[in-house]
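# A structural walkthrough
Letter by letter, the chains look like this.
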4 protein chains.
Amino acid sequence: MKLQDLTVSKWLGTTDDFSLNDLQGRIVLVHAFQMLCPGCVLHGVPQAQKVFEIFKQEKVAVLGLHTVFEHHEAMGEISLKAFLHEFRVKFPVGIDEPTKNSQIPKTMSHFQLQGTPSWLIFDQNGELRANIFGQMQDLILGAEISRLLYSTDSEPSSIYKTPTERKQK
Amino acid sequence: MKLQDLTVSKWLGTTDDFSLNDLQGRIVLVHAFQMLCPGCVLHGVPQAQKVFEIFKQEKVAVLGLHTVFEHHEAMGEISLKAFLHEFRVKFPVGIDEPTKNSQIPKTMSHFQLQGTPSWLIFDQNGELRANIFGQMQDLILGAEISRLLYSTDSEPSSIYKTPTERKQK
Amino acid sequence: MKLQDLTVSKWLGTTDDFSLNDLQGRIVLVHAFQMLCPGCVLHGVPQAQKVFEIFKQEKVAVLGLHTVFEHHEAMGEISLKAFLHEFRVKFPVGIDEPTKNSQIPKTMSHFQLQGTPSWLIFDQNGELRANIFGQMQDLILGAEISRLLYSTDSEPSSIYKTPTERKQK
Amino acid sequence: MKLQDLTVSKWLGTTDDFSLNDLQGRIVLVHAFQMLCPGCVLHGVPQAQKVFEIFKQEKVAVLGLHTVFEHHEAMGEISLKAFLHEFRVKFPVGIDEPTKNSQIPKTMSHFQLQGTPSWLIFDQNGELRANIFGQMQDLILGAEISRLLYSTDSEPSSIYKTPTERKQK
């Protein structure tokens, strides 16, 4: 799956002529969130903001994706804009395009996201390299960014302990 | 400078025959701390412990280095052992060898550490690649680990925003 | 000023026949917030929830007051309901009644609230005893609750150090 | 039991002529800790420091009590002094007097403390009013301070929900 598969009805917090093609050659981290999901507001969005503040934009791009799959009326564009303003979100945020016959918006469905928060990580060629649901530790997120920056062909990382190894000691 | 330049009077939390040579081929993170330094106790040691828990030991080794340069009588071996036990430190900790005519122990002096906490990061060949004083964010620590794992010849990283770039937006 | 001066267009999270008269004889803490105010979401509302969980309801009542004075369209009733559901707010929340010719709702105007978050604390007779803007430390909030519970006629508290005294040592 | 029952071999962080009699007429909070107990270092001691910074000293006195019952050699007076210096503890700390035939020091034994951290709270007459083992929430600690300040004859507080009531909703 590809970065180009993101289906967004509108981009906020960027210029009108913004296009995903502009991100060619960069690692792209997409934080899929809902503005009323506590795990997103308390953990995921601040983490995405930290990544945006730390890494050079010409190497690592951060995007938000507002994937509303519940309380649709409560989290419309006007509410989202106010949220992004008040929480000082500086990276571009796309609205995941709604579908007519389903609660689930298009990108969420395409990438089979399990909920929010989720992280989608694409490499410099726009290929999906990770699709992670739930909280991710900063140490691992940082390590994954660097892995893709320095190793364009590495496999899903084998540098982490398995759950069993973690318990052993 | 080299991993072999660590001068340790005694290793705790490991086997008697432990040698730095055992770490050949791994990234080695050395957390230099003092057991009564608040920044170490509250931030650095727990961070080192997290690295130890997350990354495979055959790829990434974590060592503590007890670099006592003040309150020497207060932080002797017996006190250190109790600290490591109570705070459940699981990685090996070496005692930086004291010098006769100075407050500063040998390894601290050799690597010109500015204080505690400090991080020394060595690559798979035992070459010093980073020497950082103060707190380091998890995102950056994770990114640095991965950089050395996947890129044996990369330069000190140019993937981070400069302080000026950080302020701009 | 009195608890009865709260002007609320609708109560959420309580029974239809809920009335402020029901709270006679209790300390009442009113947390004035906006659902998109970071200081409220990250600090104030969780603190109000903790008070609600710790103190007996027949002694200490906790109310939320949604005092929207900006982004009115973004924080309507539907959005608020979703927020209260997702953030598991268990205490009753009243919507501060909007005014026609001003951004400032009625209760906010009446009590001259400076913004959100704010705390209004009423004693057992429904008299306003504190009106505090911004974050309040848990130690002080707990002390103020107890002061009103045990001393119906005490003056605004003189048990705290002044800012000058705090700096002295 | 009485404040006068504190048996201290030496007071640190105060004047040589300091006496418990000086505290007559004040609430006295005694934080019993060990300098190598993580719950004390990470939670209890900073909480005691906050109480010391917030409340007027002529109303509320804060004392530390170093109750060493394990690792005695590791937590001697020299180590304790360095700890208090490095962690910027500003309130007086007494060393609980060791006993000859037991690991448990005298005050710990007298008040039957279950471990560290513990809180002993004495009223204005020096009477013990609370003996609490483990972490205490700031809201409750603040409420207990105020209860004793404003109600010299109140019973152990009935203002808190019982564990059952907490679960109900």
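This text goes with the structure placed above it.
Residues numbered from 1 in each chain as written. Chains lettered and ligands numbered in written order. Predicted model: local features only at pLDDT ≥ 70, side-chain atom pairs only at ≥ 80, totals over all residues. Heavy atoms only, no water.

Before going further, it helps to examine the sheet that holds strand β5 (residues 118-122) of chain A. Residues and elements named next belong to chain A. Here six strands make up an open sheet; going across it, the order is β1-β4-β3-β2-β5-β6 and the pairing mixed. Only two strands of the sheet have a single partner each, and these edge strands are β1 (8-12) and β6 (128-133). Put simply, the sheet's adjacent strands are angled 20 degrees from each other on average, direction ignored. Across seven bridges, the pairing between strand β2 (residues 27-33) and strand β3 (residues 60-66) is parallel. (Pairing = 2+ DSSP bridges. Helix = DSSP H or I, 4+ residues; strand = E, 2+ residues; numbered from the N terminus. Axes fitted to C-alpha atoms, helices over the stretch in contact; angles between N-to-C directions.)

Our focus in this paragraph is the packing of aromatic side chains. Per the counting criterion, the structure on display carries 24 aromatic pairs over all chains. Centroid distance B:Trp11 to B:Phe18: 4.9 Å. Interplanar angle 75 degrees. Geometry classified as edge-to-face. The structure contains a cluster of three or more aromatic residues connected by ring pairs, namely A:Phe33, A:Phe83 and A:Phe87. Residue placement shows A:Lys161 over the ring face of B:Phe52; its charged tip is 4.3 Å from the ring centre. (Phe/Tyr/Trp six-rings, centres within 6.5 Å; stacked < 30°, edge-to-face > 60°. Lys NZ or Arg CZ within 6 Å of the ring centre and 35° of its normal.)

Moving on: the relation of the copies chain A and chain B. Aligned on chain B, chain A shows an RMSD of 0.0 Å; the corresponding rotation is 180 degrees and the shift along the axis is 0.0 Å. Here the transformation between the copies is reduced to the relation of a two-fold axis. Take the interface residues of chain A: 100% of them recur as interface residues in chain B, which is what a same-surface contact looks like. (Least-squares fit on C-alpha atoms with pLDDT ≥ 70 in both. Contact = heavy atoms within 4.5 Å.)

Attention shifts here to the state of the cysteines. Residues and elements named next belong to chain D. Taken as a whole and assessed by the stated rule, the structure comprises four disulfides over all chains. The side chain of cysteine 37 participates in a disulfide bridge whose partner is cysteine 40; the two sulfur atoms lie 2.4 Å from each other. Taking the sign of the S-S torsion, 80 degrees for the link of cysteine 37 and cysteine 40, the bridge is right-handed. With respect to class, cysteine 37 is no different from cysteine 40; both count as buried. (Disulfide = S-S within 2.5 Å. Buried < 20%, exposed > 50% of the residue type's maximum accessible area, 1.4 Å probe, protein only.)

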